[in-house]
Amino acid sequence: MSDILDFIKAKDPGQKEFHQAVQEVLETVQPVLDRNPEYRQSAVLQRITEPERVIMFRVPWMDDQGQVNVNRGFRIEMSCAIGPYKGGLRFHPSVNLSILKFLAFEQAFKNALTTLSMGGGKGGSDFDPKGKSDNEVMRFCQSFMTELYRHIGPDTDIPAGDIGVGAREIGYLFGMYKRLRNEFTGVLTGKSLGWGGSLIRPEATGYGSVYFASEMLATRDDNLEGKTCLVSGSGNVAQYTVEKIIELGGKATTLSDSSGYIYDEEGIDKDKLAFVKRLKNVRRGRIREYVDKYSETVYTEVDSTLDYNPLWNHKADCAFPSATQNEINEKDARNLVKNGVYLVSEGANMPSTPEAINIFLDNKLLYAPGKAANAGGVAVSGLEMAQNSMRLSWPREEVDSRLRTIMKSIHQSCLDAAADYGVPGNYMAGANIAGFVKVVNAMLDQGLV
Ligand code: NDP
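Residues numbered from 1 in each chain as written. Predicted model: local features only at pLDDT ≥ 70, side-chain atom pairs only at ≥ 80, totals over all residues. Heavy atoms only, no water.

Now for the nonpolar core. Core analysis: the biggest nonpolar cluster contains 52 residues, and Phe212, Leu255, Phe320 and Ile410 have the highest contact counts within it. Among the elements that line this core, the one with the most residues is helix α8 (residues 201-218), at eight residues. Aside from chain neighbours lying at most four places away, what touches Phe320 is Ser209, Val210, Ala213, Cys229, Leu230, Val231, Ser232, Thr241, Ile245, Trp312, Leu343 and Ser345. Counting 39 residues, the second largest nonpolar core, distinct from the first, contains Val95, Ala112, Ala442 and Met443. (Core = buried A, V, L, I, M, F, W, Y, C linked by side-chain atoms within 4.5 Å. Buried < 20%, exposed > 50% of the residue type's maximum accessible area, 1.4 Å probe, protein only. Helix = DSSP H or I, 4+ residues; strand = E, 2+ residues; numbered from the N terminus. Contact = heavy atoms within 4.5 Å.)

Before going further, it helps to spend a moment on the packing of helix α2 (residues 16-35) against helix α17 (residues 427-445). At a minimum axis separation of 9 Å, α2 and α17 run at an interaxial angle of 70°. When the interaxial angle is binned, α2 and α17 end up roughly perpendicular. Residues Glu24, Val25, Thr28, Val29 and Val32 of α2 lie in contact with α17, whose contacting residues are Met428, Ala429, Asn432, Ile433, Phe436 and Val437. (Axes fitted to C-alpha atoms, helices over the stretch in contact; angles between N-to-C directions. Parallel < 35°, antiparallel > 145°, perpendicular 65-115°, else oblique.)

One pass over the structure, following the stated rule, counts two cavities of 30 Å³ or more. Its volume calculated, the largest cavity comes out at about 40 Å³. Taken together, Glu24, Glu106, Glu346, Met350, Ser352, Ile357, Tyr367, Pro369 and Gly370 make up the full set of residues lining the largest cavity. Residue composition of the lining of the largest cavity, grouped by class: four nonpolar, two polar and three charged. Its volume calculated, the second largest cavity comes out at about 30 Å³. Ile48, Met78, Ser79, Phe105, Ala108, Phe109 and Val439 together form the lining of the second largest cavity. (1 Å grid on protein atoms, 1.4 Å probe; cavity = no way out; pocket = protein on both sides within 12 Å on 5 of 7 lines; lining within 4 Å. Points joined across faces, edges and corners; volume = space filled by probe spheres on them. Nonpolar A, V, L, I, M, F, W, Y, C, P; charged D, E, K, R; others polar.)

In this model, helix α5 (residues 97-113) (17 residues) spans 25 Å end to end at C-alpha, consistent with the 24 Å of a helix rising 1.5 Å per residue. With 16 of 17 residues buried, α5 is to be regarded as a mostly interior element. Positive phi shows up at Thr115, right after α5, with a value of about 75°. (Expected span 1.5 Å × (residues − 1).)

So, on to the layout of surface pockets. The calculated volume of the second largest pocket comes to roughly 260 Å³. In this structure, the second largest pocket is lined by 16 residues; those nearest its centre are Gln20, Gln23, Glu24, Glu27 and Pro354. If you tally residues by element for the lining of the second largest pocket, the top one is α2, at eight residues. A breakdown of the residues in the lining of the second largest pocket according to their chemical character gives five nonpolar, seven polar and four charged.

In space, the five strands of this open sheet follow the order β7-β6-β11-β12-β13, with parallel pairing throughout. At either end of the open sheet lies a strand with only one pairing partner, and these are β7 (251-252) and β13 (366-368). Pairing of strand β12 (residues 343-345) with β13, which is carried by three bridges, proceeds in the parallel orientation. Bridge pairing in β13 places Leu343 opposite Leu366. Across the sheet, α8 touches β11 (318-320), β12 and β13, and the angle it forms with β12 is around 150°. (Pairing = 2+ DSSP bridges.)

Close approach of charged atoms allows side chains with opposite charge to pair. The tally for this structure, following the rule as stated, stands at 28 salt bridges. Among the ionic pairs, Asp134 bridges to Arg168, the shortest N-O distance being 2.7 Å. One end of the pair, Asp134, is in helix α6 (residues 134-148); the other, Arg168, is in helix α7 (residues 167-181), with 34 residues separating them in the sequence. Classification of Asp134 as partly exposed rests on a relative accessible area of 44%. Look at Arg168 and you get buried, because its relative accessible area is 15%. One salt-bridge network, in which partners are shared between bridges, spans Glu24, Glu106 and Lys371. (Salt bridge = Lys/Arg side-chain N within 4 Å of Asp/Glu carboxyl O.)

Rendered as structure tokens:
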């Protein structure tokens, strides 16, 4: 295992997020390789850690001042062992090959857990939609798609949204794809309802993360009623996480963006959440405006001199990190435990550092890794693809009930795999093992390709 990791690190030395994601999986699947010697003989680890295809391209676009800008576009096609490549597009200045490879690698196992037929991929750009006009975002999306369309298709690779890519961006991307290909197909998910989107898709990741938390609590005859929850982020995942927490009788007290976070001791209720949705999705404002509206609440600006995030240092029962990778470090994890948190459900991808995860596991927290807890988003994307293929649209209750069933089944698969390999209750090991076995068995069935 360590030889393989050393090899990967030597080959791509700067890709620390990718190394982190690979290391976590390799460490937990060791017993699977011991039990299945054919996996080693077929070099599955070397194969599964190398993307099937990496596409990088120039994205030139013109801003409102007539200036030409150039960004970099990416698509990582990681694995199509169990279905066409599937995974989101991220538009954020931090985007690079390491971050997208880590996300695509995680996506392959996450998609396997959903029980739907989807391989793993991820893409995006270092373009920052923040502060750009709608016209600038449209011109960027059109230029991005002018290259990406060659590589994707409803049976090949089906991108979706992620950080910085919501309904607006998916609309512009789809419009350009349709024009270039002259076909109206389900090539992107996260589409608006009026033209091929699925009900519950916007809600799916946040709802799914809370459903997963409910399943974990049920193993201890517990539920979310009356529980205080810390939530980070204020985008798509965070908003619908809070919505479902409220619905199930819990109380969410925090939300954040990259500038700071708000603490509302009384809890973010339905009206306050409606304000956040308008603020973030329509006005594209900053979370600090919450305290202008609700004066009894507190806003804390990000302080880069601190070695911890004060958002994770409040009394609570549950934590739902829903912003970005590595947002909970070792000190944050210690603060969470000290403040009484006994459940962490990761809406974001890889939000906890390896040191933080060790603290969760050592303290026997109910800890759900992102690839299990946030799989509801891609699961409903899979349902959107199914509806598009049939030219049908299922009612809200049907999609929500399928989402619930899928989250229940992912929870059970994690528990079963963990118990089978002697680490009962370890959802991280369970998720890695269950996803890995499914992808690797498909690879072996299909020969050396
Ligand atoms: P959005 O763009 O809707 O929201 C992201 C939120 O996180 C914003 O509040 C943003 O603040 C904050 N954020 C982003 N980057 C940073 C950073 N470097 N530091 C601090 N805050 C940051 O994205 P989503 O809600 O869709 O995604 C959130 C997480 O969930 C990501 O990890 C994503 O990969 C994961 N995820 C999303 C899925 C989906 O269906 N959307 C599916 C599965 C996982 P600001 O506005 O200031 O940038």
